[in-house]
Amino acid sequence: MKKVVVVGAGNWGKNLVQNFYDLGALAGVADVSPDLRQKAAATCPGIQLYEDYREVLTTDVSAMVFATPAPTHYRFAKAALEAGKDVFIEKPMTLNTQEAKALAEAADQQNRILMVGHLLLYQPAIAWIRDYLSSGKAGKVWHVMAQRAKLGRVRSQENVWWSFAPHDVSVVLDLLGNPQLKGVQASGHAMLRPKVEDNVHVDLTFDKGQTAHIHASWYHPLLQRSTTIIAEQQMLVYDEVTQQITVYEKSVDANLSNVDQGSWVADVATTQPLQLECQHFLDCLETRQQPRSNGWNGVAVVEILEKAQEAMRG
């Protein structure tokens, strides 16, 4: 089995550390913090510790996993790819489309695996919806609405759009069949800090006439994480909090009359998506197949994030 070094063992990185260790694929951890390195060593005995990620570049470890602050992603991943490493990088892939494209192109040129941590694409519920829509039972998909809101930790620089929305942008693209973006409209409200939007609404249009709406907020009274799919013959609602998918047999017929034949709840596996995501990366290292959330998927997500940011600020 190929082994990886995780760079960044903080709030989210520690989860990647533990999952790769549990899968028997963790070679080491790199982090500038001595405390975080020691915590990793305590929970994952026998691993190699590195103070600087650059120490890993000259080792025989085949892959590096980056869970570092977003502004570092481009520089760190570029160095790893140039050193011949396969790379897993957390979302957002980069903070602009130009850098995201440069990484995707570098991975292609060097025949390296580049995977972006779009975790929800590995959520069993999203996989079920993807397969169900592909079966055609719901008919043509017209619109996807996603909401990710709570009273959360406000950042001083990164706004809620860049913090929360990569998850939902990746899901929207996946469920609509990865269409080409046609237009973006966006509005954002910076209530607590200037130019750090706390509440954002974004409308997307795509080349085949499909549309999407995404609402992201960390200044909201309720914990709400949901995805609603409006299709020709059915409507689906995924409640991420309760992990329930409800399929509504609702539509409008040729006479513009409402059709309502009830609803039913899908039977979906409960496997943790992070475990599935980490295993998928390891499988790609072995087979050299392209990950579901490969570099170009990351580019498409960053492009929407960047264009929406530009639109909400005029």
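Residues numbered from 1 in each chain as written. Predicted model: local features only at pLDDT ≥ 70, side-chain atom pairs only at ≥ 80, totals over all residues. Heavy atoms only, no water.

Now for the packing of aromatic side chains. A full pass over the atoms with the stated rule returns nine aromatic pairs. When the centroid spacing of 4.9 Å and the interplanar angle of 10° are considered together, the rings of Trp128 and Tyr132 count as stacked. Separated by four residues within a single helix, Trp128 and Tyr132 lie in helix H5 (residues 124-135), roughly one turn from each other. When its relative accessible area of 8% is taken as the criterion, Tyr132 is described as buried. The rings of Phe20, Phe88 and Phe281 are connected pair by pair, giving a single aromatic cluster. (Phe/Tyr/Trp six-rings, centres within 6.5 Å; stacked < 30°, edge-to-face > 60°. Helix = DSSP H or I, 4+ residues; strand = E, 2+ residues; numbered from the N terminus. Buried < 20%, exposed > 50% of the residue type's maximum accessible area, 1.4 Å probe, protein only.)

In space, the six strands of this open sheet follow the order E3-E2-E1-E4-E5-E6, with parallel pairing throughout. The open sheet has two edge strands with one neighbour each: strand E3 (48-50) and strand E6 (114-117). Here the average twist between neighbouring strands, direction ignored, is 20°. Relative to strand E5 (residues 86-90), strand E4 (residues 63-66) is paired through four bridges, and the arrangement is parallel. Following the sheet pairing, Met64 is matched in E5 by Val87. (Pairing = 2+ DSSP bridges. Axes fitted to C-alpha atoms, helices over the stretch in contact; angles between N-to-C directions.)

In this section: the packing of helix H6 (residues 160-175) against helix H8 (residues 295-312). Axis separation between H6 and H8 bottoms out at 9 Å; the angle between their running directions is 125°. With respect to each other, H6 and H8 are oriented oblique. When the axes of H6 and H8 are compared, the crossing they make is right-handed. When H6 is examined against H8, the residues Trp161, Trp162, Ala165, Pro166, Val169, Ser170 and Leu173 are found in contact with a partner set consisting of Ala300, Val301, Val302, Ile304, Leu305, Glu306, Ala308, Gln309 and Met312. Taken together, the residues that form the contact of H6 with H8 break down as 13 nonpolar, two polar and one charged. (Parallel < 35°, antiparallel > 145°, perpendicular 65-115°, else oblique. Left-handed = near helix turned anticlockwise from the far one by under 90°. Contact = heavy atoms within 4.5 Å. Nonpolar A, V, L, I, M, F, W, Y, C, P; charged D, E, K, R; others polar.)

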